[in-house]
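Chain by chain, the residues:
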Amino acid sequence: MTGAAQAGPRPGVAGQPPGKGTGEPATAIPGQPDMWVLVLFEALVFTAYFAVYLFHRSAHSELFLRSQATLNPWLGTLDTLLLLASSLFMLRCVQAARAGAFRPALTSACITAFLGAGFLASKITEWVLLVHGGHGFTSNEFFAYYFFLTGIHFLHLLIGFVVIGVIIYQLRGPARRSRELVETCATYWHTVDLLWVLIFSLLYVVR
Amino acid sequence: MSRTIAESVTPPGPPAGSRLGRIAWHWRNNSKRELWFAWYTTVVFYNIFFIVFFPVTHAQPPPHPYWSDAQVAYWFNHDHDGLIIGFAIIFAVAAMTAPQNALIAYSMRRMSVSRAFGYSYLVMYSLSALPGMLLLCVVLSVGALRPGRDPAQLHWLYDFGFLSFTGTMGIFLLGSLVWMLAILLDKNRVLPKWFGYLNLCNALTEVVVAPAWIFHRGVFSWNGLISWWINMVVFGIYTGAFITLLRNMILREDFGDGPLPDIKKNPEATASALAGTAQ
């Protein structure tokens, strides 16, 4: 094991803005390097899911195209825009935290959570509409993949709310503020966003 | 820290000579003998588990969930001896899971977090052997020991066994989350943070198997590409990681209550750590 892997969070100096002059060294990788293990591992697992999906899609292209046509592309686009906007505000949160502007950072974190909640509401609405339209988890292969991929992503996003909670907790207490932890949490949130962009492309866009 | 305690009670090191002599020395003098016992028990158990569940009983990878009554009855008949011998071995060694759970709970006990983490994990994983292993063994043994039974009843046992084994992952999900939380909150550097995050990946695979209750065929069934094969790869990496990391933890253990020291990368230091003596 490397020392870097074992190193815990390096907290910023209490009450001072992180970054320059805080004693918290700038690192080549944002956040804890350990979080990137999760990013890499989740990327590999989702790549495996996508590969299985694409393999079955090529085997049943007619069915998949027909089923895809029943999805509401506007709701899918709205989901994507909400998450991309949330990523933008997460970025603003990190930048503000780095500059020591904790109040704007806190505001950005709250807006990120609000946009994420909007995504969840939109996703639940879409699921309800589909089920009422007779397209459930067991309707056909496409919808099995659809509910599985959007469901497992939904779960990741729920964990993202815990992560935003950590950021807010960090930013609210001058003694707790750590640039590294804010960056680590942001890395997770961006990963979940990236996964959604890929899922959206595969389920809604690819023909 | 109480590092000096270990130094004062342990002789310099094991004697040169026969392997048996060295083992006897460690048994009597190694201050980490209980930890090493638990670790070796873990390694031995997983080896037995793999051999029994894969080549001996053919219970893993699981056979098809969509088989007819006649096919299930044939499977019980075909693997009759393997099922009986294999699961007899599992019944004999099932208690080996206890030292493993104790070692994992010890890792949390050594962290700078509340004892509640270790104890709650211990309670949860004490229960986990039942749905996670023993129910399948009992049910498939019953099927194999009564080959003349109605095929429909054998099919019921078959479904019950594999669904209970594959589908009851709540305990493992919560256990992984408890361990993850302990690692991420810990300040004693007992286990690396990346392994905390890997616990999250493992916990999520426990959710992925849930569709196995619904689907009889395809990638989400109990032997499907997503529900079984991809999950098994994640579980294999996770298990390999925690066995290696627990070994490193024992090597680094100083029986204090502060951060665990790093092991210097030289043969003498490693030998000393193995022998439970301080540098």
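Everything numeric in this text was worked out from a predicted model, so none of it was measured.

Focus: the overall build of chain B
Moving on, step 1. On a plain count of helices and strands, chain B comes out with 12 helices and 0 strands.
Moving on, step 2. Seen in sequence order, chain B has helices and strands lined up from the N terminus as α-α-α-α-α-α-α-α-α-α-α-α.
Moving on, step 3. In terms of its C-alpha atoms, chain B occupies a principal-axis envelope of roughly 65 × 45 × 30 Å.
Moving on, step 4. Pairs at least 24 residues apart make up 71% of the contacts formed inside chain B by residues separated by at least 6 positions.

Here's the deal with the overall build of chain A
Moving on, step 1. In terms of regular secondary structure, chain A is built from 7 helices and 0 strands.
Moving on, step 2. In chain A, the succession of helices and strands from N to C terminus is α-α-α-α-α-α-α.
Moving on, step 3. When the 207 residues of chain A are sorted by exposure, 34% land in the buried category.
Moving on, step 4. Pairs at least 24 apart in sequence give 77% of the contacts found in chain A among residues at least 6 apart.

Thoughts on the interface of chain B and chain A
Moving on, step 1. Each partner contributes residues to the interface: chain B has 23 residues there, and chain A has 23 residues.
Moving on, step 2. Class assignment of the residues belonging to the side of chain B that touches chain A gives a composition of 17 nonpolar, 2 polar and 4 charged.

Notes on the environment of I104(B)
Moving on, step 1. With respect to the element layout, I104(B) can be found in helix α6 (residues 97-109).
Moving on, step 2. In sequence terms I104(B) and P62(B) are 42 residues apart; their C-alpha atoms lie 28 Å from each other.

Some thoughts on unusual backbone geometry
Residues and elements named next belong to chain B.
Moving on, step 1. Omega for the bond connecting Q60 with P61 falls within 30 degrees of zero, at -10°, which places this linkage in the cis form.
Moving on, step 2. Topologically, P61 is positioned in the loop between α3 (33-56) and α4 (69-78).
Moving on, step 3. In the Ramachandran plot, H58 falls in the positive-phi region, its phi being about 60° despite a non-glycine side chain.
Moving on, step 4. For H58, the location among the structural elements is in the loop between α3 and α4.
Moving on, step 5. Even without a glycine there, the phi angle at R189 is positive, about 55°.
Moving on, step 6. For R189, a count of 23 C-beta atoms within 10 Å gives the class buried.

A look at the nonpolar core
Moving on, step 1. Of all hydrophobic cores here, the largest spans 105 residues; its most connected members are C93(A), A97(A), I167(A), C185(A), Y121(B), L140(B) and W179(B).
Moving on, step 2. Not counting chain neighbours up to four residues away, the residues in contact with W179(B) comprise I104(B), M108(B), Y121(B) and N199(B).

Re the packing of helix α6 (residues 141-172) of chain A against helix α7 (residues 179-205) of chain A
Residues and elements named next belong to chain A.
Moving on, step 1. Where α6 meets α7, the axes come as close as 9 Å, and the angle between the chain directions of the two elements is 160°. Between α6 and α7, the crossing angle belongs to the class labelled roughly antiparallel. Seen from above, α6 lies across α7 with left-handed handedness. Where α6 abuts α7, its residues Y146, L149, T150, H153, H156, L157, G160, V163, V166, I167 and Q170 lie against L181, V182, C185, Y188, W189, V192, L195, W196, I199 and L203.
Moving on, step 2. In the contact of α6 with α7, the residues fall into 16 nonpolar, 5 polar and no charged.

Rules used in this analysis
Residues numbered from 1 in each chain as written. Chains lettered and ligands numbered in written order. Predicted model: local features only at pLDDT ≥ 70, side-chain atom pairs only at ≥ 80, totals over all residues. Helix = DSSP H or I, 4+ residues; strand = E, 2+ residues; numbered from the N terminus. Contact = placed C-beta atoms within 7 Å. Buried ≥ 20, exposed ≤ 12 C-beta atoms within 10 Å, placed from the backbone. Nonpolar A, V, L, I, M, F, W, Y, C, P; charged D, E, K, R; others polar. Core = buried A, V, L, I, M, F, W, Y, C linked by C-beta atoms within 7 Å. Axes fitted to C-alpha atoms, helices over the stretch in contact; angles between N-to-C directions. Parallel < 35°, antiparallel > 145°, perpendicular 65-115°, else oblique. Left-handed = near helix turned anticlockwise from the far one by under 90°.

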